[in-house]
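The primary structure of each chain is shown beneath.
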Amino acid sequence: MNNDPLENRATLLLSKVAADAAAEVQAAVVRHAASMGRSGIVMALRAQACELGASAIGYDQISSLAFESAADDMAWGRTPLATWRPFALGAAGASILERRALRARLPRVDPEAMSRGEQIARAIEHRLLSKHDAFEAIREHSAALEGHAEIQSALWDDPRIAATSDVRLIMRATIDPLRHRIHALAPAPAPQAAPLCLERAPEAQIRGWRRLFMARRILPTPRLRS
């Protein structure tokens, strides 16, 4: 049994994302079934898998795999995702040797990949901020970013996803920007001796809140999964 708490947390996160992806696929199949036959549904699922597979966001990569697997199942007359378990708890994960072999085949991260990584990190943050009202988003924002950073770190060199080399490099390049953002949002250390009166919020934290509100107002809305 693996006792590494960081690796165990990543396993739990990936399992949750895979379960959400499976629910998304099932909803899509039901929706398509209202107007399409089996062949049409298979084509629609593959198109969705292809679109998601071009994304450098780990959530989308797992969803892409789920849509492609469901399309394969339906093409062979099986129930969609009846046996799909690549990220389920207890399923075999990617070994260290497999990850090393994959990393050895990748080119070095270049400035373009770093720039794209910054953009994807901002898109991830905007996606999170768009899900809830402003105050709820602020309360949960740091933890949600941490989850995304762990998923990006766990997946960029995982052979179970079908990402291209370019996409994997961009996924890797999102990790540091996400970590930096998490660090920037961390609350300031509490003073040694707090006065009895209520204190003003630290200026750095106020600036962080302002940036979050502005991000919700001025950033373009990224295309979200249906």
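This report concerns the structure included in the present document. Model, not experiment: these values are computed from the prediction. (Residues numbered from 1 in each chain as written. Predicted model: local features only at pLDDT ≥ 70, side-chain atom pairs only at ≥ 80, totals over all residues. Heavy atoms only, no water.)

**Focus: the environment of A149**
Here is step 1: Among the secondary structure elements, A149 is positioned in helix 6 (residues 134-155).
Here is step 2: Linking A149 and L178, residues 29 residues apart in sequence, is a C-alpha distance of 5.9 Å.
Here is step 3: Ignoring any residue separated from it by four or fewer positions in sequence, one finds A149 in contact with L178, R179 and I182. (Helix = DSSP H or I, 4+ residues; strand = E, 2+ residues; numbered from the N terminus. Contact = heavy atoms within 4.5 Å.)

**Focus: the nonpolar core**
Here is step 1: In terms of nonpolar packing, the biggest core is built from 49 residues, with L45, I62, F87 and L155 touching the most fellow members.
Here is step 2: When contributions to this core are tallied by element, the ones reaching two or more residues are helix 1 (5-33), helix 2 (38-53), helix 3 (58-75), helix 5 (111-131), helix 6 and helix 7 (165-185).
Here is step 3: Not counting residues within four places of it along the chain, the set of residues in contact with F87 comprises L14, S15, A18, I62, L65, L155, D158, R160 and I161. (Core = buried A, V, L, I, M, F, W, Y, C linked by side-chain atoms within 4.5 Å. Buried < 20%, exposed > 50% of the residue type's maximum accessible area, 1.4 Å probe, protein only.)

**So, the packing of helix 5 against helix 7**
Here is step 1: Following both chains from N to C, one finds helix 5 and helix 7 inclined at 60 degrees, their axes separated by 7 Å at the closest point. When the axis of helix 5 is compared with that of helix 7, the two are oblique. At the point where helix 5 passes helix 7, the crossing takes the right-handed sense. Contacts between helix 5 and helix 7 involve A113, M114, R116, G117, E118, I120, A121, I124 and E125 on the former and, on the latter, L169, I170, A173, T174, P177, L178 and R181.
Here is step 2: Classifying every residue of the contact of helix 5 with helix 7 by side-chain character gives ten nonpolar, two polar and four charged. (Axes fitted to C-alpha atoms, helices over the stretch in contact; angles between N-to-C directions. Parallel < 35°, antiparallel > 145°, perpendicular 65-115°, else oblique. Left-handed = near helix turned anticlockwise from the far one by under 90°. Nonpolar A, V, L, I, M, F, W, Y, C, P; charged D, E, K, R; others polar.)

As far as function goes, none of this settles anything; it's purely spatial.
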